[in-house]
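Listed here are the chains, written in short residue letters.
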Amino acid sequence: MTPPVAALLCMISVLPSLAAAQEFDFAQLERQARTFTVIIDMKLEMSFGIQTADHQERFLGTIVTEDGLVLFNGALLGENMGAMAAPFTVKTTPTRISVTTLDGHKYEAGYIGVDRFTQIGFIRIIGAENERFTPVQFRKERHFRAGEWVALYMLLPEFVSPPFAADIGMVSSVIESPEYFPLTVGFSPIQMTSVLFDEDLEPIGVLGALANPSRGSDAGGMLESFDQSAIPLLGVIVGERLEGLIAAPPVKGQPDRGWLGITLQALTEDMAEFWGLPVSEGIIVNDLVANSPAEQAGLKVADIIYQVNDQPVQVDKEEELPIFQRFIAEFGPDASIDLSILRRNAGVFDTLTLTAQLSKAPLAAAEAPTYDVAQLEFKVRELVFADLLFFKLAPNAIKGVVVSELKSGGLAELGGLELGDIIQRIGNTAVASTEEVRAAFESLAVEHPAEIVFFVWRSNQTLFVNVKTDWQ
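Rules used in this analysis
- Residues numbered from 1 in each chain as written.
- Predicted model: local features only at pLDDT ≥ 70, side-chain atom pairs only at ≥ 80, totals over all residues.
- Heavy atoms only, no water.
- Helix = DSSP H or I, 4+ residues; strand = E, 2+ residues; numbered from the N terminus.
- Buried < 20%, exposed > 50% of the residue type's maximum accessible area, 1.4 Å probe, protein only.
- Contact = heavy atoms within 4.5 Å.
- Areas by Shrake-Rupley, 256 points an atom, 1.4 Å probe, with all protein chains shown as cover.
- Phe/Tyr/Trp six-rings, centres within 6.5 Å; stacked < 30°, edge-to-face > 60°.
- Lys NZ or Arg CZ within 6 Å of the ring centre and 35° of its normal.
- Pairing = 2+ DSSP bridges.
- Core = buried A, V, L, I, M, F, W, Y, C linked by side-chain atoms within 4.5 Å.
- Salt bridge = Lys/Arg side-chain N within 4 Å of Asp/Glu carboxyl O.
- pLDDT = per-residue confidence, 0-100.
- Expected span 1.5 Å × (residues − 1).
- Arc of directions from axis to C-beta.

1. Topic: the overall build of the chain
Phase 1: Within the chain one finds 10 helices and 27 strands.
Phase 2: When the 472 residues of the chain are sorted by exposure, 47% land in the buried category.
Phase 3: A sequence separation of at least 24 residues applies to 63% of the contacts in the chain between residues at least 6 apart.
Phase 4: Looking at the chain as shown, the accessible area adds up to about 22700 Å², and 53% of this sits on carbon and sulfur atoms.

2. Brief notes about the packing of aromatic side chains
Phase 1: Counted according to the given criterion, the structure contains 12 aromatic pairs.
Phase 2: Relative to Phe197, the ring of Phe36 has its centre 6.4 Å away and its plane inclined at 20 degrees; by these criteria the two rings are stacked. One end of the pair, Phe36, is in helix 2 (residues 26-36); the other, Phe197, is in strand 10 (residues 195-197), with 161 residues separating them in the sequence.
Phase 3: Residue classification places Phe36 among the buried positions, given a relative accessible area of 3%.
Phase 4: Relative to Phe385, the ring of Trp259 has its centre 5.4 Å away and its plane inclined at 75 degrees; by these criteria the two rings are edge-to-face. One end of the pair, Trp259, is in strand 13 (residues 258-259); the other, Phe385, is in helix 8 (residues 385-390), with 126 residues separating them in the sequence. Phe385 shares its class with Trp259; the two are buried.
Phase 5: Taken together, the ring pairs in this structure connect Phe378, Phe441 and Phe454 into an aromatic cluster.
Phase 6: A cation over a ring is seen here: Arg142 above Phe144, with NZ or CZ 4.8 Å from the ring centre.

3. Description of the pairing of strand 5 (residues 106-114)
Phase 1: Two strands pair when backbone bridges link them, and strand 5 and strand 6 (residues 120-126) are joined in this way by 6 bridges, in the antiparallel orientation. In the strand pairing of strand 6, Val114 is matched with Gly121.
Phase 2: Linking two consecutive strands that pair antiparallel, namely strand 5 and strand 6, is a turn of 5 residues; a positive phi of about 65 degrees is found at Gln119 within it.

4. A short note on the nonpolar core
Phase 1: If you look at the biggest cluster of nonpolar residues, it comprises 44 residues, and the most contacted ones within it are Ile40, Met42, Ile120, Phe122, Ile123, Phe138 and Val206.
Phase 2: Tallying contributions element by element places strand 1 (residues 37-48) first for this core, with 5 residues.
Phase 3: If near-sequence neighbours (up to four positions away) are discounted, Phe122 is found in contact with Leu69, Val70, Leu71, Phe72, Tyr111, Ile112, Gly113, Leu245, Ile246, Pro249 and Pro250.
Phase 4: In this structure, Leu288, Ala294, Leu339 and Ala356 belong to the second largest nonpolar core, which totals 24 residues.

5. Quick notes on the pairing of strand 8 (residues 164-175)
Phase 1: Pairing of strand 7 (residues 149-155) with strand 8 involves 7 bridges; the strand directions are antiparallel. If you follow Trp149 over to strand 8, its bridge partner there is Met170.
Phase 2: Where strand 8 and strand 9 (residues 181-185) come together, 5 bridges link them in antiparallel fashion. Across the sheet, Val171 pairs through a bridge with Thr184, a residue of strand 9.
Phase 3: The loop that links strand 8 with its antiparallel partner strand 9 comprises 5 residues.

6. So, helix 7 (residues 321-329)
An α-helical segment advances 3.6 residues per turn. Residues three or four places apart therefore align on the same side.
Phase 1: Counting buried positions over the 9 residues of helix 7 gives 7, a clear majority of the element.
Phase 2: Contact partners of the buried residues in helix 7: helix 4 (239-247), strand 13, strand 14 (262-266), strand 15 (283-288), strand 16 (304-308) and strand 18 (336-345).

7. Details of the side chain of Glu148
Phase 1: One can find Glu148 in the loop between strand 6 and strand 7.
Phase 2: In contact with Glu148, not counting residues within four places along its chain, are Arg142, His143, Gly169, Met170, Val171 and Glu199.

8. Topic: the pattern of salt bridges
Phase 1: The full count for this structure, using the stated rule, is 25 salt bridges.
Phase 2: For Lys379, the salt bridge goes to Glu45, with nearest N and O atoms at 3.8 Å. In this pair, Lys379 is assigned in strand 22 (residues 378-382) and Glu45 in strand 1, connecting sequence segments 334 residues apart.
Phase 3: Residue class for Glu45 comes out partly exposed when judged on its relative accessible area of 24%.

9. Some points on the environment of Glu405
Phase 1: By the element assignment, Glu405 lies in strand 23 (residues 401-406).
Phase 2: In this structure Glu405 comes out as buried when scored by relative accessible area, which is 7%.
Phase 3: C-alpha separation for the pair Glu405 and Asp372, spaced 33 residues apart in sequence, amounts to 8.9 Å.

10. Side note on the confidence of the model for the chain
Phase 1: Averaged over the chain, the pLDDT score is 85; the fraction of residues at 70 or greater is 88%.
Phase 2: Across residues 1-17, confidence stays below pLDDT 50; counting only partners more than four residues off in sequence or on other chains, it has 3 contacts.
Phase 3: Low confidence marks residues 80-86, where pLDDT is under 50. Its contacts with residues over four positions away, or in another chain, come to 28 contacts.

11. Considering helix 10 (residues 434-447)
Phase 1: Between the first and last C-alpha of helix 10 there are 20 Å, a value that for 14 residues agrees with the 20 Å anticipated at 1.5 Å per step.
Phase 2: When we look at burial in helix 10, the residues that qualify are Thr434, Val437, Ala440, Phe441 and Leu444. Angular distribution of buried residues about the axis of helix 10 spans 115 degrees; they occupy a single face of the element.
Phase 3: Its buried side turned inward, helix 10 meets strand 21 (370-373), strand 22, strand 23, strand 24 (422-426), strand 25 (429-430) and strand 26 (451-458).
Phase 4: Downstream of helix 10 by a residue or two, His448 has a phi angle that is positive, lying close to 50 degrees.

12. A few points about unusual backbone geometry
Phase 1: Backbone torsion omega between Ser161 and Pro162 reads 5 degrees, so that peptide bond is classified as cis.
Phase 2: Here Pro162 shows up in the loop between strand 7 and strand 8.
Phase 3: Non-glycine residue Leu201 carries a positive phi angle of around 65 degrees.
Phase 4: When you line up the elements, Leu201 lands in the loop between strand 10 and strand 11 (203-210).
Phase 5: One non-glycine residue, Asp334, adopts positive backbone phi at about 75 degrees.
Phase 6: With respect to the helices and strands, Asp334 occurs in the loop between helix 7 and strand 18.

As structure tokens, then:
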């Protein structure tokens, strides 16, 4: 077939789809979208170690409940590996939020949290208890097919009017693994969490990104790769998944993911063949966190988990470990799960089933309680599980609070405190929480000492740091 003929046939096959795309009733679509679409203005405090700055952001939001729950693209406020694994935190904290409907009504709003897997954020309109809003109604149990057209509205820059505009794309594939995800083409990351409509003008979900599970965050309680770079695969976060998030939106500082409490490695095909195992996929338990759900369930080092609730653990390489960790995390705290394991006994592997009651995942560093020691121009936060892993410390091996922020040129920095220091004593007072730090400084504020002595843990050694004061 000659190239011109092939191109002509290709164009003919595409024409019906193009015609279908042009049949969108965008006037009706806009009228529908305007009922539940809002513009979010958010003032943020962004801090990284010794740098803190205020920043203003603008988001497209969608009302999802009658009492004013709003979802938006929370990627800027979501967890990241630096915030979870490093001894200091990278934090983006909303300090003021307002919501404006497209008919001009303005409300204050309160921040709730961000889902760590979808990066969907939630806020709630406040001060409008007697009002009822029109929420979006996502269609559920919908069958997606490659080649169907979808549309959305995106937020435009603040200097133009009207504030949002239509865009169209197409479902290019329906991905089944590592999760169900109708993949789209034609959209960009700046349109994330915009409501997607099908050709019948029904809301079918929001635009989201498919995360690479081999580069996942600390979903199962263990540290992962710091490499988060990847070309985003955009598609539909479907109504069924959104329904669960809307019913129980994630709350900052209240972990809602399940935790087993193990370190792990992949059961590779070579290992399974060498040991003569009846399975070729699974995970090997390398270590157990003391008093964790795994230890309480009776798991032992070297156990091989090959099924969870009778579902195969489809992991046969290290890069796939986050698939298992995310699977466990999404059960949520207090879930009871059955683990089918192989355990070596006198040179052979026995098969047995253990039941584990998952607990709440430990707080990430960005979620930990903080205290601002304004007198000495630094901040501390409480120790979290990721700190112990980062410093290779056993649970309960050390108590104290972590220096999370230092003002450049401030008294604490000039005195010798460093980011990541674990303060164990302030003067003669032992501290293991931000409340104890607050109490210690309230006492010192009465005494007005010329300097304060900190006993800190730093780089596997302890030392004293003397910080001069300047009481105002």
